[in-house]
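# Descriptive analysis of the structure
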Amino acid sequence: MSFTKLSTSALAILAVSATAAAARDNVQVAGSSTVLPYASIVAELFGDNTDFPTPVIESGGSSSGLKRFCEGVGENTIDIANASRAIRESEIKACADNGVTDIMEVRIGYDGIVFASQQSGPAFTGFQPADIYNAIGAQVMKDGALVDNSFQNWAEFNADLPDVEIAMFIPGTKHGTREVFEEKVLLDGCEVTGAMEAMMAAGMSEDDAEDACLDVRQDGKSVDIDGDYTETLARIDANTNGIGVFGLSFYENNQDKLKVATMGGIAPSTETVASGEYPVSRPLFFYIKKAHIGVIPGLKEYAQFFMADEIAGANGPLANYGLVSDPELAETQKLIADEVTMGSNS
C-alpha cells in the first residue's frame, strides 16, 4: 500500500534518532488479525517518515501473539503483541514466569464486531443475540426443553429471518474476536432464550452453565476460521447463505462484497461504536515489552508515532480505515512517554 509522507508538524512528536545499538535493528510485532491492518499502516508510515527501519508486522491472532510475547526477553523474542482483547491474568503470569515482568498496555481505540453476508445473498438485515445462539449454540430450547441443536434453517426459530440453511463462519478460539463474540453474543443469547436457566435447573453450577453456553454445535453449521478476515470473506464468497463475523473496519473496506445486519436493532458504525450504542464492540490494544525499550531501536518511537493525534486521532489514517478513536488518547500518549507499566504508576 502507498501513503503520502507526513507533514513536518506530524513528525514533531518524534525526536527521531536511530543511534541505539542492537543486534536486531527493527521492531517486531505479532498478534491480532483485527489490529493487523492498523499496525501495517502505521509501520509503513513509520518507515517512510523516520530514520528507523519499517517494523515487521505479523498476524496469527491475539492469543498466539501474546504467547510469543511472553516467551521471554531478548532480541529473539517479539517486542510488541497486538490484541483485540485485554491480556489475561494467566498470560501475565506466563510472561512473569519467563522474565517478562514490565509490560506497557496501550489502548489504541475501539472496533465493532459485525455480522455480514453476501451483497447478493438472502436478506439478513437484523439479528438479536438469541438468533445467533439458536443458530449455533450446542444446546438450545425447543418446545420448552433443552435439547441438542437440530435447527437447520434460520426461519425455524425466527420467522423474520430468511428461510435458508444456517451457515456461520466465526473466529477460531485463538482470536481475540472470539472471546468478545462469546461474551457479548453467545452468552447473552443463551441467557435470553432460557437455555442457561435450564442448564442450571438440570444441576449445573452457574460457572459450568456459562461455559456450556459458549459451546457451539459441531455438525458443520458453525465453522471456526483460524485465519484472518480474508479467509472468512472467501467462505462467504463461496456460500450464498453464509454469515460471517468481521471487524467493523474490515467490513467498511469491503462493502462492495458484503452487507451488514443490525444487532439488537442498532446498525454498526463508527458513531454507534464510539457512543457505546452498538452492543458488540471492544477496545483494541498493543502490549510493549519495556525491557526492550532502549535496546531495540525505534521501539518507543514506534509506539509514540502510532498513538500520535495525526495517526490515531479522529482525523487520522486509522480512523479512515475504521478505527474509532479513543477519547482518552492524550492519557495514552502520556503513558507511553512516561513508560508506565501495568500495575504501576511509573
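The structure presented is a predicted model; accordingly, all values stated were derived computationally and were not measured. (Residues numbered from 1 in each chain as written. Predicted model: local features only at pLDDT ≥ 70, side-chain atom pairs only at ≥ 80, totals over all residues. Heavy atoms only, no water.)

Before going further, it helps to spend a moment on the packing of aromatic side chains. Given two aromatic rings, their pairing is described by the distance between the two centres and the angle made by the two planes. What the rule picks out here adds up to 18 aromatic pairs. Summarising the aromatic geometry, the rings of F46 and F52 are spaced 5.7 Å apart at their centres and angled 5° between planes, so their arrangement reads as stacked. According to the relative accessible area criterion, F46 is buried, its value standing at 0%. Three or more aromatic residues link up through ring pairs in this structure, and these residues are F115, F124, F127, F151, W154, F157 and F181. (Phe/Tyr/Trp six-rings, centres within 6.5 Å; stacked < 30°, edge-to-face > 60°. Buried < 20%, exposed > 50% of the residue type's maximum accessible area, 1.4 Å probe, protein only.)

This paragraph deals with a negative patch on the surface. On the surface, E191, E206, D207, D208, D211 and D215 cluster together into a patch of negative charge. Look at D208 and you get partly exposed, because its relative accessible area is 44%. (Patch = residues over 30% accessible without salt bridge, like charges linked within 9 Å, V, L, I, M, F, W, Y side chains within 5 Å. Areas by Shrake-Rupley, 256 points an atom, 1.4 Å probe, with all protein chains shown as cover. Salt bridge = Lys/Arg side-chain N within 4 Å of Asp/Glu carboxyl O. Lys, Arg positive; Asp, Glu negative; His and termini not counted. Charge placed at Lys NZ, Arg CZ, Asp CG, Glu CD.)

Taken as a whole, this structure holds 16 salt bridges when the rule is applied. For R88, the salt bridge is made with E179, and the minimal N-O distance between the two is 2.5 Å. Placement of R88 in the loop between β3 (80–83) and α4 (89–97) and of E179 in helix α6 (residues 176–193) is noted, with a sequence separation of 91 residues between them. Judged by its relative accessible area of 32%, R88 falls in the partly exposed class. Linked by salt bridges that have partners in common, R85, R88, E91 and E179 make up one network. (Helix = DSSP H or I, 4+ residues; strand = E, 2+ residues; numbered from the N terminus.)

Time to look at the pairing of strand β2 (residues 56–60). Where strand β1 (residues 28–31) meets β2, three bridges bridge the pair, whose relative direction is parallel. From the neighbouring strand, V29 faces β2, where its bridge partner is I57. Note that the unit made of β1, helix α2 (residues 36–49) and β2 has a crossover that is right-handed. (Pairing = 2+ DSSP bridges. Right-handed = clockwise from strand over helix to strand, strands pointing away.)

Below, the discussion takes up the state of the cysteines. As enumerated under the stated definition, the model contains two disulfides in all. Covalently, C190 is tied to C213 through a disulfide, its sulfur atoms 2.0 Å apart. Its S-S torsion of about -55° marks the bond between C190 and C213 as left-handed, since a negative value means left-handed. Here C190, found in helix α6, pairs with C213, found in helix α8 (residues 206–213); they are 23 residues apart in sequence, far enough to count as distant. An identical accessibility class is assigned to C190 and C213; each is buried. (Disulfide = S-S within 2.5 Å.)

By the secondary structure assignment, D219 is in the loop between α8 and β9 (222–225). Along the chain, D219 and N149 lie 70 residues apart, while their C-alpha atoms are 9.3 Å from each other. A polar contact of 2.8 Å, which involves the side chain of D219, links it to the side chain of R217. At 3.3 Å, the side chain of D219 forms a polar contact with the backbone nitrogen of K221. (Polar contact = N/O pair within 3.5 Å; in protein donor to acceptor, adjacent residues only side chain to side chain.)

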